[in-house]
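The lines below spell out each chain.
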Amino acid sequence: MTLEMPPDAVLDSDRRVYVIDLNTKGSLLLDDAGLKKCKYTQQLTPVYLLKAGFDSCGVQYKGGVYILYVQVDYYASSLSRAVSRTFKVSCSQPQADNPLQTAFISGVTNCTPDFMEGQTVQLMPTFDSVGSGTWYVKVQGPIGFMMSLDAAQSNGYKFYNDNNNNVVARVRFNAMGIQKLASVPGGQTLYLADFSLEYMYPDGKITISFLLVCVPRAVTCSQSGMSIILPTQDLKFQKVKIGSQVYTSSPAPTAITLVVVSTFVRILVPFSYPLMSNKPCPGGMMQVLPTTWITFSYKSVKVDMMINPTCPCQRKGQTVVSLCQNGLMSFEVNSNATQPPLNLTSVQLLDPSCQPSVVSATGLMYSFPLTSCGTITKMLGGRLVYENEVRVMPQTELGIITRDSEFILTVLCYYNDTADKNLSLTVLTNAPPAPAMNIGNLTVVLRAYPDEMYRIPYRDQDYPVVKYLRDPIYLEVQVLNRQDPNIELVLENCWATASPNPISLPRWAVIAAGCAYGGDDYQTVMHPMSSFTGIQFPSHYKRFDVKAFAFVSSGAALSSAVYFHCSALICDIANPDSTACTSICPVTQPLRFRRSSSGGQDHAILGEVVSSLPGPIAVRKKSITKAGMITTDSSSKKVKVQTGQPLWTTLLVVGVILVMVTLAVACLAFRLQRNKLL
């Protein structure tokens, strides 16, 4: 019989585990001696497990069922407080000390540009009908971990029942624990999600295993056909099924071209392929293949990926040739784009030194970082746009005549300002419109976390969060719904107020001009993002901790509530010389806004925002009695707020006054003693 505690349960030296005797209603402490005497074993990490035999102390056999009641006193990190709970462990028959288990497995992966999705292949009860218990998500990988269902759904996972009572799991590509296995120069990336949804209830456990693979935006299109490019590191390609047609690498198919190498698979489907169809789209037509299944083997396990290959809408005067992602601009230049054919040896970008990544007799393939090869960055209609130009200049004979075609293409990659959009690449045959500088919509959030691991932030309903004086408050500022690797979040100022209004008084600086405020005896600690792993865009985050304090006025506490706020800049990494986007530390002024008021525009600044915590931090004072109990102490030392003069100045004045009073008293006592002697 096994008791598995929730992943947020922390059992340290101050916590206790007791076995409840059903006959006497008494309890037995399972310390080291109790564990040995009563035939129990325990595992402390990564989650607490308590294992008992059917002959262990406290195990009762009633009505064909073995029953055990265990009381556990532990600290719940998700609640930030100590709790005491009694658990019932039951088992109908001996099963090698394991609870009853029911296993389900997922089927094919539905791979989309924005998420991957899998569902169970067996029917199972709905989420609401399985009885009293708790759902958890267990993530496999190089660093395995468990989290609650609520935490998983806050970190990129979504679970629901479909109309057939299958459990469906939808996972975003930036979800916690997702593995990024491989990428190819064209920007295609292979993602793997290996996790299980587990339901723990008194009589056992239900396990639903998911193994999902996906290459989002695997499809690129040229003037002649469609390419499906799939990185295959750690995967072994088996077959591809397009509609009803199945193809393998041996024998080689004739209707399509199938290239299988050690690092990737490339499927070339010409527009003349019988199953290729045209579908209308706004202002034009687009080429579409029927649903396509690609089958791989991963560690001897068969996995299927399902995609719906579609070329972007072909509009008059516009040709969409590829997609941009992962900070790369990728496109093809085909020799048959003009008549007579292009002279491919004369193709140049804005930076003529940039060379294509793939060269063939019929075309060139380029793939390079967005900020290289002379690419220009600008704002157009609320979009952050990266622009380059492809030129094929005709060669002349004696500077008089030419027989070569002239070819100019403008290549644009842009980020939409409507949240979680990926880069699109468009080639325009006409010159682009004159740029109109504008600031897109930016969302920046300020969050608080229970500990320095920064795993699961406090939810809105968790506020006010209780902290004691000088306890660290772990804060994070993040840019939401942006996948641009060329922007950076730069903190300007962070401060605290005694009310929700960020411009109210009093207030106390914790970060000034991007630096830890130097006028505080307990300085803010910055946490470099290089210390954290598994974050796709570290430049979109800033993390730091502040030692908890309380606001006072004239020696009396104003309120236990402390509200935190931060102002931040969104900066373009391509402009490293911007003074507004750099910090020179230390800074000792309370608050200093770095943006110039002269009216000049800093092109490195793409946006500026102010964000606040969803609720207050409730700061309490504590003292330790001789019995070791924490009590409220109204005489605890208060933290002075900024009132126009530094704290050390006030302390110096008070100290001088005390010294003068002491000297005066001593002098008076000396005179009285002298008079008595005389």
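Residues numbered from 1 in each chain as written. Predicted model: local features only at pLDDT ≥ 70, side-chain atom pairs only at ≥ 80, totals over all residues. Heavy atoms only, no water.

1. Section: the overall build of the chain
If you tally the helices and strands in the chain, you get 3 helices and 56 strands. Expressed as a percentage of its 678 residues, the buried residues of the chain come to 45%. Nonlocal contacts in the chain, meaning residues at least 24 apart in sequence, comprise 63% of its contacts between residues at least 6 apart. (Helix = DSSP H or I, 4+ residues; strand = E, 2+ residues; numbered from the N terminus. Buried < 20%, exposed > 50% of the residue type's maximum accessible area, 1.4 Å probe, protein only. Contact = heavy atoms within 4.5 Å.)

2. Regarding the pattern of salt bridges
Per the stated rule, a full pass over the model turns up 10 salt bridges. Between Glu-117 and Arg-170 there is a salt bridge, with the nearest N and O atoms lying 2.7 Å from each other. Of the two residues, Glu-117 sits in strand β12 (residues 115-119) while Arg-170 sits in strand β16 (residues 167-172), which places them 53 residues apart along the sequence. Given the relative accessible area of 12%, Glu-117 is considered buried. A salt bridge links Lys-547 to Asp-545, with the nearest nitrogen and oxygen atoms 3.0 Å apart. Ionic contacts of the salt-bridge type, sharing partners, join the residues Asp-150, Arg-459 and Asp-462 into one network. (Salt bridge = Lys/Arg side-chain N within 4 Å of Asp/Glu carboxyl O.)

3. What to know about the sheet that holds strand β32 (residues 328-334)
Within a sheet, each strand pairs with its neighbour through backbone hydrogen bonds, oriented either parallel or antiparallel. On the basis of which strands lie adjacent, the open sheet formed by 3 strands has the order β32-β35-β34 and antiparallel pairing. Across the chains shown, the open sheet's two edge strands, defined by having one partner strand only, are β32 and β34 (358-359). Note that β32 and strand β35 (residues 363-369) share 7 bridges and pair antiparallel. The partner of Met-329 across the bridge, within β35, is Phe-368. (Pairing = 2+ DSSP bridges.)

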